[in-house]
Amino acid sequence: MKDAIVAAIEPGKRTKAEQTAWEAFKKILAAKDPDTGQFTDLETALQQANLHEHPTLHEAVINATWMCVATGDQQAFLTFLAGSEPPLARLFRFLLSSQNRRVTVVTPNYDRIAEYAADIAGYCHRTGFGSGYIRTWQEMNRPVRYYDTIHKVEARTIDIWKVHGSIDWFRLGAPGQERILSLPIGASNEAPPARMSMARPVIVPPGRSKYEETHRDPYRSCMQEADRALSQAEAFLCVGYGFNDSHLQERLIGRCRDAKMPVVLLTRDITPKAKELLIDAKANCVILSKAETEGKTLIHTPNCRDGLEVEGVDLWDFHHFLNFAS
């Protein structure tokens with residue numbers, strides 16, 4: 001995403017202060033860690049350059065992020081229409097084949113893969129908005145519910161709490177009088193925010209500003225619902241999560257540490273933070289990651305900190321994991 005953001009924002013007319021901040025951002029982004037030899041990641045560069053202090057640059061980062069994610073989202077949408085199915089749809093069917101009537105997804109992602117998966121699997125889903133073509137943000141004290149009128153029970157539903165926003169969420173109107181709507185952005189890549197000049201994307205971009213933004217609705221209400229679900233859950237499955245969002249994972253880590261709730265993490269590479277919070281903290285966890293050799297999986301637990309290599313199966317991959325577990 002960092003290449004897309006740099007390409008989308010360059011070149012641009014800006015003040016001297018904005019230009020100084022932008023050049024500092026690019027310099028940080030181009031620097032390598034002397035120990036690992038890896039380039040600085042996007043979030044670290046945005047935080048160190050303080051781009052959120054420059055409204056024009058901050059808005060440009062949001063729009064570039066939106067465009068990058070929306071393009072990929074719409075490509076996925078067309079793929080699903082052509083008959084492909086996301087692994088998440090299969091997981092929903094598996095989890096709701098029992099007496100369970102609700103599954104909760106908590107995600108910092110802006111794309112709509114979870115919503116597509118719920119639709120493809122044949123279940124209702126809730127994100128905090130009402131129904132219809134132009135969907136209005138609902139206060140959580142009067143949430144939307146779906147009912148199976150034949151069996152007189154709540155319909156099987158996927159709750160999707162998008163704690164950093166979504167590409168189809170927008171603010172309309174002047175600050176203080178704005179409305180929060182979920183709008184159909186279409187299945188093409190021709191509907192960037194620039195073509196919807198009255199609408200401002202509701203997404204929290206990477207960087208320091210996300211800790212300030214998440215105190216506002218709809219993020220605040222989504223986070224409350226996410227915390228409620230995490231407090232009631234009896235197990236967790238994390239897919240591709242690096243455990244680098246301290247404001248999101250506090251409840252989850254507390255449940256794993258204090259209540260010893262089981263957690264399984266599927267990830268290509270384990271982040272130092274995931275190791276610290278799960279392995280070093282001796283949580284009731286299993287981490288499945290990619291081994292250096294193709295076709296092998298590394299299994300980490302608190303009792304096997306350096307990992308046990310298993311041949312012949314890519315269990316860290318969501319698709320292969322589902323083949324094994326379901």
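Residues numbered from 1 in each chain as written. Predicted model: local features only at pLDDT ≥ 70, side-chain atom pairs only at ≥ 80, totals over all residues. Heavy atoms only, no water.

**Student:** Mind laying out the nonpolar core, listing which residues take part and the relevant values?
**Tutor:** Residues Phe-236, Cys-238, Phe-243, Leu-252, Val-263, Leu-265 and Leu-278 are the most contacted members of the largest nonpolar core, which totals 33 residues. Counting only elements with at least two residues in this core, the list comes to helix 8 (219-232), strand 10 (236-239), helix 9 (246-258), strand 11 (263-267), helix 10 (272-280) and strand 12 (285-290). Counting residues per element, this core draws most heavily on helix 8, at five residues. Those residues within four positions of Phe-236 in sequence are excluded, and the remaining contacts are Leu-230, Leu-252, Arg-255, Cys-256, Met-261, Pro-262, Val-263 and Val-264. In this structure, Ala-89, Phe-92, Val-103 and Ala-117 belong to the second largest nonpolar core, which totals 21 residues. (Core = buried A, V, L, I, M, F, W, Y, C linked by side-chain atoms within 4.5 Å. Buried < 20%, exposed > 50% of the residue type's maximum accessible area, 1.4 Å probe, protein only. Helix = DSSP H or I, 4+ residues; strand = E, 2+ residues; numbered from the N terminus. Contact = heavy atoms within 4.5 Å.)

**Student:** Talk me through the sheet that holds strand 12; I want residue IDs and the actual numbers.
**Tutor:** Ordered in space as 10-11-12-13-14, the five strands form an open sheet in which the pairing is mixed. Bordering the open sheet on either side are strand 10 and strand 14 (304-311), each of which pairs with just one other strand. When strand polarity is set aside, the average angle formed by the axes of neighbouring strands in this sheet is 20°. One ladder, built from four bridges, connects strand 10 with strand 11; its direction is parallel. (Pairing = 2+ DSSP bridges. Axes fitted to C-alpha atoms, helices over the stretch in contact; angles between N-to-C directions.)

**Student:** Any chance you could break down the sheet that holds strand 6 (residues 157-162) for me, citing the residues and the numbers?
**Tutor:** Spatial strand order, 1-6-2: three strands in an open sheet with parallel pairing. The sheet is open, and its two borders are formed by strand 1 (102-107) and strand 2 (124-126), each paired with just one other strand. For this sheet the average axis-to-axis angle between neighbouring strands, irrespective of direction, equals 20°. Pairing geometry for strand 2 and strand 6, over three bridges, is parallel. Residue pairing in the sheet places Arg-126 in a bridge with Asp-159 of strand 6. Against the sheet, helix 8 touches strand 1 and strand 6, its axis set at about 125° to strand 6.

Keep in mind these values describe shape, not function.
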